[in-house]
Amino acid sequence: CTAQGKIIPASLRADQFKRLIERVEFKPSTLYTITEPEVLLREIADVRRSAVAIDDGEFNAEVRCIAVPVYNFTGDVIGALGISGPIWRMSDQVLKSRAKLVQAAATRLSAEFGASGAAKTS
């Protein structure tokens with residue numbers, strides 16, 4: 001239910017992710033927490049396509065977060081870089097502009113781990 005917490009599952013192969021979903025107990029942290037496996041599957045598919053994850057009050061109802069993957073020299077996801085802020089400061093427009101900053105920082109960090117810019121897709 002966090003932006004950074006969505007990046008890692010999005011990097012898993014489909015069979016790995018399916019096994020994870022089968023073992024996870026879906027407990028809500030807020031009214032906005034994803035608690036249905038089908039909804040999470042769609043959310044993770046979106047994260048895979050965009051390489052951006054958003055937590056829109058799913059962990060803390062007063063906080064919005066955005067995260068992007070960090071890659072290593074083989075193109076594998078080795079972590080996530082994200083920012084969080086109060087919902088009243090993180091409008092959709094602010095999230096989009098901050099996403100570009102976070103992506104640029106993650107690209108620089110990935111380069112430190114030897115990433116060439118061409119990341120693997122799941």
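From a predicted model like this one, the values you see are computed outputs, not experimental measurements.

### Regarding the side chain of Thr33
Within the element layout of this structure, Thr33 appears in the loop between α2 (14-23) and α3 (37-50). Classification of Thr33 by relative accessible area gives buried; the value is 9%. Within polar-contact distance, the side chain of Thr33 engages the backbone oxygen of Glu58 at 2.5 Å. Among residues more than four places away in sequence, those in contact with Thr33 are Cys1, Lys27, Pro28 and Glu58.

### Here's the deal with the nonpolar core
Listed in full, the twelve residues of the largest apolar core are Ala3, Ile7, Ala10, Phe17, Ile21, Ile34, Leu40, Ile44, Val47, Ala53, Cys65 and Ala67. Only α1 (3-10), α2, α3 and β2 (63-71) provide two or more residues apiece to this core. Apart from the residues lying within four places of it in its own chain, the contact partners of Ile21 are Phe26, Pro37 and Leu40.

### Here we look at unusual backbone geometry
The phi dihedral of Ala51 falls on the positive side, at around 60°, and the residue is not glycine. Residue position: Ala51 is located in the loop between α3 and β1 (53-56).

### Considerations on the side chain of Asp55
Within the secondary structure, Asp55 is located in strand β1. At 2.6 Å, the side chain of Asp55 and the backbone nitrogen of Glu58 are in polar contact. At 3.5 Å, the side chain of Asp55 and the backbone nitrogen of Phe59 are in polar contact. When residues no more than four places from it in sequence are discounted, the contact partners of Asp55 are Cys1, Thr2, Ala3, Lys6, Val63, Arg64 and Cys65.

### Here's the deal with the pattern of salt bridges
Using the criterion set out here, one finds eight salt bridges in the structure. The shortest N-O distance in the salt bridge between Lys18 and Glu22 comes to 3.3 Å. Linking Lys18 with Glu22, this pair stays in helix α2, spanning four residues, or about one helical turn. Like Glu22, Lys18 is exposed. Through salt bridges with shared partners, a single network forms among Lys6, Glu43 and Glu58.

### Remarks on the packing of α1 against α3
Look at α1 against α3: their axes get within 9 Å of each other, and the N-to-C directions meet at 80°. By the criterion of interaxial angle, the relationship of α1 to α3 is roughly perpendicular. On α3, the residues that touch Lys6, Ile7, Pro9 and Ala10 of α1 are Glu43, Ile44, Val47 and Arg48. Considered class by class, the residues forming the contact of α1 with α3 number five nonpolar, no polar and three charged.

Procedures and definitions
Residues numbered from 1 in each chain as written. Predicted model: local features only at pLDDT ≥ 70, side-chain atom pairs only at ≥ 80, totals over all residues. Heavy atoms only, no water. Helix = DSSP H or I, 4+ residues; strand = E, 2+ residues; numbered from the N terminus. Buried < 20%, exposed > 50% of the residue type's maximum accessible area, 1.4 Å probe, protein only. Polar contact = N/O pair within 3.5 Å; in protein donor to acceptor, adjacent residues only side chain to side chain. Contact = heavy atoms within 4.5 Å. Core = buried A, V, L, I, M, F, W, Y, C linked by side-chain atoms within 4.5 Å. Salt bridge = Lys/Arg side-chain N within 4 Å of Asp/Glu carboxyl O. Axes fitted to C-alpha atoms, helices over the stretch in contact; angles between N-to-C directions. Parallel < 35°, antiparallel > 145°, perpendicular 65-115°, else oblique. Nonpolar A, V, L, I, M, F, W, Y, C, P; charged D, E, K, R; others polar.

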